[in-house]
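# Notes for the structure review
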Amino acid sequence: MAQQQNSSRMTLMITIVVAIVLIVVIWPLSMLGKGSVKTGSTDEAEARIQPVARLELAKAPAAKSDGKPRDGATVYNSVCMACHATGAAGAPKAGDKAAWAPRIATGTAALVSSVTNGKGAMPPKGGGADLTDTEIKAAVEHLVGLAK
């Protein structure tokens, strides 16, 4: 029994010595090639992790007006053309008689109401919050004129 206890202690001691030797040998070897850690300025680290670009949203400057209402073509070119020239978001293309025929049949007042309140993907006033009722009506008449 004493022989087995002595053997168990010897096995434990050998295991501990091997573990210490491995730690002493393997840990320094694992650090090779990693370089040293600089504890200098954090400005360099901040510069490396900055985003590639920044995005700032700002309200677009309003077009300078002489106080007179804009005509239909001007309103169309500055506000409506973005969607109605390409048909984006289901907007009927300017000059497409087939697409505009059922809309024209509802009357100008209904079209002006749709523009003023928004319809489908079109926001109120077509996205031109500064448009007056006169300018909206002129733009509607311009688009209807293109489709006739």
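This section reports on the structure supplied with the text. These numbers come from a predicted model, not from an experiment.

## Section: the overall build of the protein
The helix and strand inventory of the protein stands at six helices and zero strands. Reading the protein from its N terminus to its C terminus gives the helix and strand order α-α-α-α-α-α. Among the 148 residues that make up the protein, the fraction classed as buried is 15%. The long-range share in the protein, meaning contacts at least 24 apart out of those at least 6 apart in sequence, stands at 54%. For the protein, the accessible surface area stands at approximately 11600 Å², while carbon and sulfur atoms represent 62% of it.

## Observations regarding the side chain of His84
On the secondary structure map, His84 appears in helix α3 (residues 72-84). When its relative accessible area of 11% is taken as the criterion, His84 is described as buried. Discounting chain neighbours no more than four positions away, the residues touching His84 are Tyr76, Ala91, Pro92, Lys93, Ala94, Trp100 and Leu143.

## Re the pattern of salt bridges
A full pass over the atoms with the stated rule returns two salt bridges. Salt-bridge contacts for Arg70 lead to Asp130; the nearest nitrogen and oxygen are separated by 3.5 Å. Of this pair, Arg70 sits in the loop between α2 (43-48) and α3 while Asp130 sits in the loop between α5 (108-117) and α6 (133-147), placing them 60 residues apart in sequence. Residue Asp130 is classed as partly exposed on the basis of its relative accessible area of 48%. Residues joined by salt bridges that share partners form a network here, namely Arg70, Asp130 and Glu135.

## Observations regarding the nonpolar core
Counting residues in hydrophobic clusters, the biggest one holds 15 residues, and the most contacted among them are Val75, Cys80, Trp100, Leu111, Leu131, Ile136 and Val140. Every element with two or more residues in this core is listed here: α3, α5 and α6. With six residues, α6 is the largest single contributor of residues to this core. Ignoring anything within four residues of it in the chain, the contact list for Leu111 reads Trp100, Arg103, Ile104, Thr106, Val140 and Val144.

## Thoughts on the environment of Val112
By the secondary structure assignment, Val112 is in helix α5. Taking the C-alpha atoms as reference, Val112 lies 9.1 Å from Lys125; in sequence the two are 13 residues apart. Apart from residues lying up to four places away in sequence, Val112 is in contact with Ile136, Lys137 and Val140.

## Quick notes on the packing of helix α4 (residues 97-105) against α6
The contact between α4 and α6 brings their axes to 9 Å, and the two run at 130°. As far as their axial angle goes, α6 and α4 are oblique. With respect to the hand of their crossing, α4 and α6 are arranged in left-handed fashion. In contact with Lys97, Trp100 and Ile104 of α4, α6 contributes Leu143, Val144 and Ala147. Residue composition of the contact of α4 with α6, by class: five nonpolar, no polar and one charged.

Analysis parameters
- Residues numbered from 1 in each chain as written.
- Predicted model: local features only at pLDDT ≥ 70, side-chain atom pairs only at ≥ 80, totals over all residues.
- Heavy atoms only, no water.
- Helix = DSSP H or I, 4+ residues; strand = E, 2+ residues; numbered from the N terminus.
- Buried < 20%, exposed > 50% of the residue type's maximum accessible area, 1.4 Å probe, protein only.
- Contact = heavy atoms within 4.5 Å.
- Areas by Shrake-Rupley, 256 points an atom, 1.4 Å probe, with all protein chains shown as cover.
- Salt bridge = Lys/Arg side-chain N within 4 Å of Asp/Glu carboxyl O.
- Core = buried A, V, L, I, M, F, W, Y, C linked by side-chain atoms within 4.5 Å.
- Axes fitted to C-alpha atoms, helices over the stretch in contact; angles between N-to-C directions.
- Parallel < 35°, antiparallel > 145°, perpendicular 65-115°, else oblique.
- Left-handed = near helix turned anticlockwise from the far one by under 90°.
- Nonpolar A, V, L, I, M, F, W, Y, C, P; charged D, E, K, R; others polar.

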